[in-house]
Amino acid sequence: MATKRMKDNYCEECMIVPVADIYETADAYSLKLEMPGVKKENLEITMNDNELEISGKIQKDETNGKNLKYSEYELFDYYRSFRVGNDIDRNSLKAELENGILTLTLHKSEEVKPRKIQITAS
Amino acid sequence: MLTYNIFDDVLELRNLVDNFFRDVPSRGASRDYPYIDLYETDAGLQISAILAGVKPEDVSVELVNNSIIIEGEKKSDYAEHPYIRKEREFGRFKKSVKLPYRVDAGNVQASMKDGILTVKLTKSEDAKPKRIEIH
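These notes cover the structure that comes with them.

Analysis parameters
Residues numbered from 1 in each chain as written. Chains lettered and ligands numbered in written order. Predicted model: local features only at pLDDT ≥ 70, side-chain atom pairs only at ≥ 80, totals over all residues. Heavy atoms only, no water. Helix = DSSP H or I, 4+ residues; strand = E, 2+ residues; numbered from the N terminus. Buried < 20%, exposed > 50% of the residue type's maximum accessible area, 1.4 Å probe, protein only. Phe/Tyr/Trp six-rings, centres within 6.5 Å; stacked < 30°, edge-to-face > 60°. Lys NZ or Arg CZ within 6 Å of the ring centre and 35° of its normal.

Our focus in this paragraph is the environment of B:Gly106. Residue and element names in this part refer to chain B. Note on placement: Gly106 falls in strand E8 (residues 103-113). You can call Gly106 exposed: its relative accessible area is 75%. For Gly106 and Val61, which are 45 residues apart along the polypeptide, the C-alpha to C-alpha distance reads 13 Å.

Structure, rendered in structure tokens:
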């Protein structure tokens, strides 16, 4: 689909891919995504097999009754997906939204965490 | 355990091309001044600026000579860990917005929500049309 569907001068199918920082610690991966303008209730995070999907909806009706005079940006819905490996514990995903930054913590599963092996004296 | 299927990647290729035309790259991260929108409302003007990841205490909004100056710092939240991906940017920013008419300096409201700064200004009485009586 190379053509963009436009409705009232607004691109319906446009999406913003939020920029992300990802770092790794000994027991988790941490993701930070910039999603300004998204409310907590309009955010959807799904983990499907090995795909982590993050989507945020923008409410456009907030601009009603106002007259846009000068514009440098336009907000669209956000979408980004990541492929995650088998080392992620799928049941302990933590998400926080603060000042337009979404922080996700993906804990590593117990099997891949570093373990100390006790040596038993024979 | 998940099994790797090579055909998943082949089908992904079609999505990759589709998404290329659909996606808009995220903006605002690679400039040293924030993007703004200027609206005119019934009461006056409204400026909204994208300031994701900036704490309200790190932003200052000033009204100087018929301009609004938005200044502040987006403080780095880097952790002392190895990074897999580093796309976000941090640093100081400053933006001056020239206003189309005089505003009431005593009635400026600024609020920050979900990473978006909103500044509400009311039109000054001086800027409103005045009828002059002819004697």
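All chains considered together, the criterion is met by three aromatic pairs over all chains. Measuring from centroid to centroid gives 5.1 Å for A:Tyr23 and B:Tyr83, while their planes differ by 55°, and the two rings are tilted. With A:Tyr23 in strand E4 (residues 20-24) and B:Tyr83 in strand E6 (residues 83-86), the pair connects residues from two separate chains. Between B:Tyr78 and B:Phe90, the aromatic rings sit 5.0 Å apart at their centres with planes inclined by 85°, giving edge-to-face as the arrangement. Of this pair, B:Tyr78 sits in the loop between strand E5 (67-74) and E6 while B:Phe90 sits in the loop between E6 and strand E7 (91-98); the two residues are 12 residues apart in sequence, bridging distant segments of the chain. Overall, the relative accessible area of 35% leaves B:Tyr78 in the partly exposed class. Through a chain of ring-to-ring contacts, three or more aromatic side chains come together here, namely A:Tyr23, B:Tyr78, B:Tyr83 and B:Phe90. If you follow A:Lys108 out to its NZ or CZ, it ends over the ring of A:Tyr29, 5.0 Å from the centre. Its end group placed over the ring of B:Tyr101, B:Lys123 keeps NZ or CZ at 4.4 Å from the ring centre.

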